[in-house]
Amino acid sequence: MSQPLAERLRPRTLDDYIGQQHLVGEGAVLRRMIDAGRISSFILWGPPGVGKTTLAQIIAHRLETPFYTLSAVTSGVKDVRDVIERAQKGRFFNEASPILFIDEIHRFSKSQQDSLLGAVEKGIVTLIGATTENPSFEVIRPLLSRCQLYVLKPLEKDDLLKLIDRALTKDAILKEKHITLKETGALLRFSGGDARKLLNILELVTADDEVEITDELVVNRLQQNPLAYDKDGEMHYDIISAFIKSIRGSDPDAALYWMARMIEGGEDPQFIARRMVISASEDIGLANPNALLLANAAFDTVMKIGWPEARIALAECAVYLATSPKSNSAYLGIDAALDLVRQTGNQPVPLPIRNAPTQLMKDLGYHDGYKYPHDYPGHFTEQQYLPDELVGQRLWHGQHNPAEEKLYQRMVNYWGKRYED
């Protein structure tokens, strides 16, 4: 039995690799490391079928270094430790570290990820992780800090057309058939930027020795609507994006429509609920703080009662979020604060607001001069809370919706000109 087309066409060199030129093109960051013969640990983040596993294999082949593979779905802590031990024993002095490739690293538990730390830090293995989920949420901070993060993109139209041409002209089986490529629209649409899916579809529609590829043929062979939802493909990202943007744009009808598309497509209800919690914080925020409470309640309801009843709680939340006033002042505020911290570094905490649990700290002036706000009228008295270098710095800018206007005016009353926009 022959291998699937996607496996037969898997590139073996960077010259054959299609897409991701921002990473592996001439002069790009990964290309330079590979050409230099040394790579550091990194994580590849991108949707399915864009070449994460292939890229890891090409790198290992190019560097001629031992290559170990673990799947986060089937491997436990013991498997990780066994691979690390084998890598340590099989390594010769001054030789490049063996590569440990972990597919779907986001599925590794905290203890599994912890078991990798020492080996990565000491250079026993060079870790290449692959994930379809945001590593900021799924990979523990100590491991993430030891790895570079590279983002892979869905393949562009030209990349996919190049892949089709290669399959029809280079594959040992397909090039022997009489195949006419008349239309490519449905092939590209169904693939959603996923090379593996494209090749699987192409293999399905070229089962006969003589075939003319048309959009109608592709649709008939797949027996599904071209607009069908695919929770593992690009459509997944497009529809959740449309859902969140409909909430942000205060269109409850559109929000319910896109939610229905996800529900009918078999989307995980927890995923929908999680995104609404994010939207309540990011897009509604202080304009209606109850939105975050309701979004969390909807998430809790999904966990407690399950499907199909949970759809009602999700719909209630979606309509509430879409019809709520909007503010992103907290979102902009924390990003401005993070940017300021990165620019100014570790500024010292003013002495009056430092903690003074010991007599020595008290003798050094810690806590001296602190004014306890509750001892003053209105539970407020003006004093310095920011570091000396940042006094007067504005990070939160209240937006003038009814709920937030009250908060803003209170700050103006307390701080005067500092808060006068």
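What you are looking at is a predicted structure, and each value in this text was computed from that prediction instead of being measured. (Residues numbered from 1 in each chain as written. Predicted model: local features only at pLDDT ≥ 70, side-chain atom pairs only at ≥ 80, totals over all residues. Heavy atoms only, no water.)

**Describing the overall build of the protein chain**
Helices and strands together make up the secondary structure of the protein chain, namely 20 helices and seven strands. In terms of overall dimensions, the protein chain is more spread out than a globule: its C-alpha atoms have a radius of gyration of 28 Å, far above the 22 Å expected for 421 residues. When burial is assessed residue by residue, the protein chain has 41% of its 421 residues classed as buried. Nonlocal contacts in the protein chain, meaning residues at least 24 apart in sequence, comprise 70% of its contacts between residues at least 6 apart. A total accessible area of about 23400 Å² is found for the protein chain, and carbon and sulfur atoms account for 52% of it. Once the 48 positive and 57 negative side-chain charges of the protein chain are each reduced to a mean point, those two points are 4 Å apart. (Helix = DSSP H or I, 4+ residues; strand = E, 2+ residues; numbered from the N terminus. Rg over C-alpha atoms; globule rule 2.2 N^0.38 Å. Buried < 20%, exposed > 50% of the residue type's maximum accessible area, 1.4 Å probe, protein only. Contact = heavy atoms within 4.5 Å. Areas by Shrake-Rupley, 256 points an atom, 1.4 Å probe, with all protein chains shown as cover. Lys, Arg positive; Asp, Glu negative; His and termini not counted. Charge placed at Lys NZ, Arg CZ, Asp CG, Glu CD.)

**Remarks on a nonpolar patch on the surface**
Among the surface-exposed residues, Tyr-370, Tyr-372 and Tyr-385 lie close enough to one another that they form a single nonpolar patch of about 290 Å² accessible area. Mapped onto the fold, Tyr-370 is located in the loop between helix 19 (359–363) and helix 20 (402–415). In this structure Tyr-370 comes out as partly exposed when scored by relative accessible area, which is 31%. (Patch = residues over 30% accessible without salt bridge, like charges linked within 9 Å, V, L, I, M, F, W, Y side chains within 5 Å. Salt bridge = Lys/Arg side-chain N within 4 Å of Asp/Glu carboxyl O.)

**Quick look at the pattern of salt bridges**
All told, the structure shown has 14 salt bridges when counted by the stated rule. Linking Arg-8 and Asp-171 is a salt bridge whose minimum nitrogen-to-oxygen distance equals 2.7 Å. Placement of Arg-8 in helix 1 (residues 5–8) and of Asp-171 in the loop between helix 9 (157–170) and strand 6 (178–181) is noted, with a sequence separation of 163 residues between them. Taking relative accessible area as the criterion, Arg-8 reaches 22% and is therefore assigned partly exposed. According to the relative accessible area criterion, Asp-171 is buried, its value standing at 3%. With its nearest N and O atoms 3.9 Å apart, the salt bridge here joins Asp-35 to Arg-31. Taken together, the positions of Asp-35 and Arg-31, both in helix 3 (residues 29–36) and four residues apart, correspond to about one turn of that helix. Looking at Arg-31, the relative accessible area reads 11%, which means it is buried. If you follow the salt bridges from partner to partner, you end up with Asp-15, Glu-26, Arg-31, Asp-35 and Arg-62 in one network.

**Thoughts on the packing of helix 14 (residues 252–264) against helix 17 (residues 310–323)**
The interhelical angle for the contact between helix 14 and helix 17, taken along N-to-C directions, is 150°, at an axis separation of 9 Å. One finds that helix 14 runs roughly antiparallel with respect to helix 17. For helix 14 against helix 17, the interelement crossing comes out right-handed. Here helix 14 contributes Pro-252, Leu-256, Met-259 and Ile-263 to the contact with helix 17, which in turn contributes Arg-311, Leu-314, Ala-315, Ala-318, Val-319, Ala-322 and Thr-323. Residues belonging to the contact of helix 14 with helix 17 are distributed by class as follows: nine nonpolar, one polar and one charged. (Axes fitted to C-alpha atoms, helices over the stretch in contact; angles between N-to-C directions. Parallel < 35°, antiparallel > 145°, perpendicular 65-115°, else oblique. Left-handed = near helix turned anticlockwise from the far one by under 90°. Nonpolar A, V, L, I, M, F, W, Y, C, P; charged D, E, K, R; others polar.)

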